[in-house]
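Single-letter residue listing:
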Amino acid sequence: MAGEVERVRRALRALEAIPDATDRAAACAELLREWPELHRMVADMRQQAVITAKASGVTYRELGARMGISGEAVGQIAAGKWRAPKRDADSE
């Protein structure tokens, strides 16, 4: 499981490593144009995984512990109501 996440991280680091600044900017712009759709796709996958895990007997509390969030937040994800809080610019 963590392998997929690490591959995404490596892909982002590869963007950062594009030597030509113009090429790097263009590649980042392309990714950012697609980001809303990609974000929605990941959120939909997460919601379906939560629903499937719950149907197989995993509790929201157990899922939350695994995901690093509360069981209540997991229930909101399942219901399609939860969005990650915006990060404060100072916390980045």
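For the structure, see preceding data.
Residues numbered from 1 in each chain as written. Predicted model: local features only at pLDDT ≥ 70, side-chain atom pairs only at ≥ 80, totals over all residues. Heavy atoms only, no water.

### Digging into the packing of aromatic side chains
Move 1: Throughout the structure, instances matching the rule amount to zero aromatic pairs.
Move 2: Seen from the ring of Tyr60, Lys54 lies directly overhead, with NZ or CZ sitting 4.8 Å from the centre. (Phe/Tyr/Trp six-rings, centres within 6.5 Å; stacked < 30°, edge-to-face > 60°. Lys NZ or Arg CZ within 6 Å of the ring centre and 35° of its normal.)

### Here we look at the environment of Cys28
Move 1: Looking at where Cys28 falls in the secondary structure, it is placed in helix α2 (residues 21–55).
Move 2: Linking Cys28 and Leu15, residues 13 residues apart in sequence, is a C-alpha distance of 7.1 Å. (Helix = DSSP H or I, 4+ residues; strand = E, 2+ residues; numbered from the N terminus.)

### So, the packing of α2 against helix α3 (residues 60–67)
Move 1: The contact between α2 and α3 brings their axes to 10 Å, and the two run at 135°. Comparing the axis directions of α2 and α3 gives the class oblique. The chirality of how α2 crosses α3 is right-handed. Across the interface between the two elements, Arg46, Val50, Ala53 and Lys54 from α2 touch Tyr60, Leu63 and Met67 from α3. (Axes fitted to C-alpha atoms, helices over the stretch in contact; angles between N-to-C directions. Parallel < 35°, antiparallel > 145°, perpendicular 65-115°, else oblique. Left-handed = near helix turned anticlockwise from the far one by under 90°. Contact = heavy atoms within 4.5 Å.)

### A few points about α2
Move 1: With 35 residues, α2 extends 48 Å between its outermost C-alpha atoms, agreeing within 8% with the 51 Å of an ideal straight helix rising 1.5 Å per residue.
Move 2: At Trp35, α2 is deflected by roughly 50°, the largest bend along its length, and proline Pro36 occurs up to four residues later in sequence.
Move 3: For α2, every residue scored as buried is listed here: Ala27, Ala43, Gln47, Val50 and Ala53.
Move 4: Summarising the contacts, the buried residues of α2 are in contact with α1 (2–16), α3 and α4 (71–78).
Move 5: Where α2 begins, one side-chain oxygen reaches toward the backbone nitrogen of Thr22, 3.0 Å away; that side chain belongs to Asp20. (Expected span 1.5 Å × (residues − 1). Bend = angle between axes of the 7 residues up to and from the residue. Buried < 20%, exposed > 50% of the residue type's maximum accessible area, 1.4 Å probe, protein only. Polar contact = N/O pair within 3.5 Å; in protein donor to acceptor, adjacent residues only side chain to side chain.)

### Observations regarding a nonpolar patch on the surface
Move 1: Side chains of Met41, Val42 and Met45 sit close together on the surface and give an oily, nonpolar patch of about 290 Å² of accessible area.
Move 2: Along the chain, the position of Met41 falls in helix α2. (Patch = residues over 30% accessible without salt bridge, like charges linked within 9 Å, V, L, I, M, F, W, Y side chains within 5 Å. Areas by Shrake-Rupley, 256 points an atom, 1.4 Å probe, with all protein chains shown as cover. Salt bridge = Lys/Arg side-chain N within 4 Å of Asp/Glu carboxyl O.)

### Some words on α4
For an α-helix, 3.6 residues make a turn, and residues three or four places apart therefore share a direction.
Move 1: Looking only at α4, the buried set comprises Ala73, Val74, Gly75, Ile77 and Ala78.
Move 2: Residues of α4 that are buried make contact with α2 and α3.
Move 3: Looking one or two residues beyond α4, the residue adopting positive phi is Gly80, at roughly 75°.

### Concerning the pattern of salt bridges
Move 1: Following the criterion strictly, the structure yields four salt bridges and no others.
Move 2: Between Glu4 and Arg7 there is a salt bridge, with the nearest N and O atoms lying 3.7 Å from each other. Of this pair, Glu4 and Arg7 are both found in helix α1, three residues apart, which corresponds to roughly one turn of the helix.
Move 3: When its relative accessible area of 46% is taken as the criterion, Arg7 is described as partly exposed.

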